[in-house]
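Listed below are the residues making up each chain.
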Amino acid sequence: MISRRSLLTAAVAAAATGGLAACAKDGGGTNTGNGNGKITLGFSQTGSESGWRTANTKSIQESATAAGIDLKFSDAQGKEENQIAAVRSFIQQKVDVISFSPLKVTGWDTVLKEAKAANIPVILTDRGVEADASLYVSLLGSDFTEEGKRAAVMFKEICKDMAAVNIAQLEGSTGSAPAIERTKGFAEAIASETKFKIVVTQTGEFTRSKGKEVMEAFLKSHPEINALYAQNDDMGLGAIQAIEAAGKKPGTDIRIVTVDAIKDGMTALAAGKINGIVECNPLLGPQLMEMVKKVKAGQTVEKRIITIEKDFYQKDAAAALPTRQY
Ligand code: GZL
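Procedures and definitions
- Residues numbered from 1 in each chain as written.
- Predicted model: local features only at pLDDT ≥ 70, side-chain atom pairs only at ≥ 80, totals over all residues.
- Heavy atoms only, no water.
- Phe/Tyr/Trp six-rings, centres within 6.5 Å; stacked < 30°, edge-to-face > 60°.
- Lys NZ or Arg CZ within 6 Å of the ring centre and 35° of its normal.
- Helix = DSSP H or I, 4+ residues; strand = E, 2+ residues; numbered from the N terminus.
- Contact = heavy atoms within 4.5 Å.
- Axes fitted to C-alpha atoms, helices over the stretch in contact; angles between N-to-C directions.
- Parallel < 35°, antiparallel > 145°, perpendicular 65-115°, else oblique.
- Left-handed = near helix turned anticlockwise from the far one by under 90°.
- Salt bridge = Lys/Arg side-chain N within 4 Å of Asp/Glu carboxyl O.
- Buried < 20%, exposed > 50% of the residue type's maximum accessible area, 1.4 Å probe, protein only.

> Help me out: how do you make sense of the packing of aromatic side chains in this one?
The geometry of an aromatic ring pair comes down to the distance between the two centres and the angle between the two planes. Taken as a whole and judged by the stated rule, the model has four aromatic pairs. Each residue in the set Phe155, Phe186 and Tyr229 is aromatic and connected to the rest through ring pairs, giving one cluster. Lying over the aromatic face of tyrosine 136, lysine 303 brings its terminal NZ or CZ to 4.7 Å of the ring centre.

Structural data, given as structure tokens:
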């Protein structure tokens, strides 16, 4: 296990945006008439595409309750238009703070400008957007490019006995920050390694069913595949079903690295069906609620807070499993 450090924040002074810690004016919208003096948070979630997402939703909902924050939670069911509509609804309800995990990086400028005009601060969680950084207060979540690089490091260790590594890549949801950045980080990290080659790549939409379906097609069109980089556990677990149905041994005939480290993924790692997992921690709720309270109080929060995570090899799985929280 390459242990970096457990989850939490290393507040990272915003580099990319060049912005320093952001200080929002007192969170704008007056309470939504609930009259109970509670902070009201409007949250738009992507949907329920994966085990990671389920754990993320649970963390946000339970943390809001524990923090005494009135949570208005909207499940976009995988549709960007539902997310935009939810944010507009939160603006109309005059919530105190808005937060969301964006399905895609694009399409956010207009509604973010509407939130700014309504003086309602926005905190991005989990995933970033391609928009003017002044339109949101902070981004709390993993560095996906780094996760792609970490996956490559794991493959170099896992495949050191192999002369040629013919990689199938299952990408996350098209247009999402994790898919874009995990693809980029991985490609950059293997570029100098002549024995590594991505022979086929396609989105598996972060789901088990699509991961299985796409892997079935991969195995038919590319019998030379001997490695799989699945950008989340769920797609990897679906792919394992396809690999076994094709009479091959996952973890042996096809070396597999996935991302997330949900319990099902860690169980497959312990069983030798996955060779390495890059952790991406979904338990962002407590930090988000802390940030909501600070923003509402007009205090400074870091523009970019990166959750730092571990990586797990098969030898690490058994010891780690009992304490996994998701
Ligand atoms: C990553 C998150 C991704 C997970 C997937 O932070 O956005 O979306 O890796 C989830 O499991 O569907």
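So much for the structure itself; the text now carries on.
> For this particular structure, what's the right way to read the environment of lysine 249?
Within the element layout of this structure, lysine 249 appears in the loop between helix H7 (233-245) and strand E11 (255-260). Sequence separation between lysine 249 and lysine 273 is 24 residues, and the spatial gap between their C-alpha atoms is 7.6 Å. Setting aside residues up to four positions removed in sequence, lysine 249 forms contacts with Ile243 and Ile254.

> I tried to follow the packing of helix H6 (residues 208-221) against H7 on my own but got confused; where do I start?
Packed helix pairs are characterised by how far apart their axes lie and by the angle those axes make with each other. Following both chains from N to C, one finds H6 and H7 inclined at 45°, their axes separated by 7 Å at the closest point. Classified by the angle between their axes, H6 and H7 sit oblique to one another. The handedness of the crossing between H6 and H7 comes out as right-handed. On H7, the residues that touch Arg208, Gly211, Lys212, Met215, Glu216 and Leu219 of H6 are Asp234, Met235, Leu237, Gly238, Ala239, Gln241, Ala242 and Ile243.

> Looking at this model, I keep getting lost on the pattern of salt bridges. Mind explaining?
Opposite charge on two side chains lets them pair, provided their charged atoms get close. With the rule as written, the count across this model stands at 22 salt bridges. With a shortest N-O distance of 2.9 Å, lysine 273 and glutamate 244 are connected by a salt bridge. Of the two residues, lysine 273 is situated in the loop between helix H8 (263-270) and strand E12 (276-279) and glutamate 244 in helix H7; the sequence distance between them amounts to 29 residues. Overall, the relative accessible area of 36% leaves glutamate 244 in the partly exposed class. Here the salt bridges do not stand alone but share partners, grouping Glu49, Arg53, Asp126 and Arg127 into one network.

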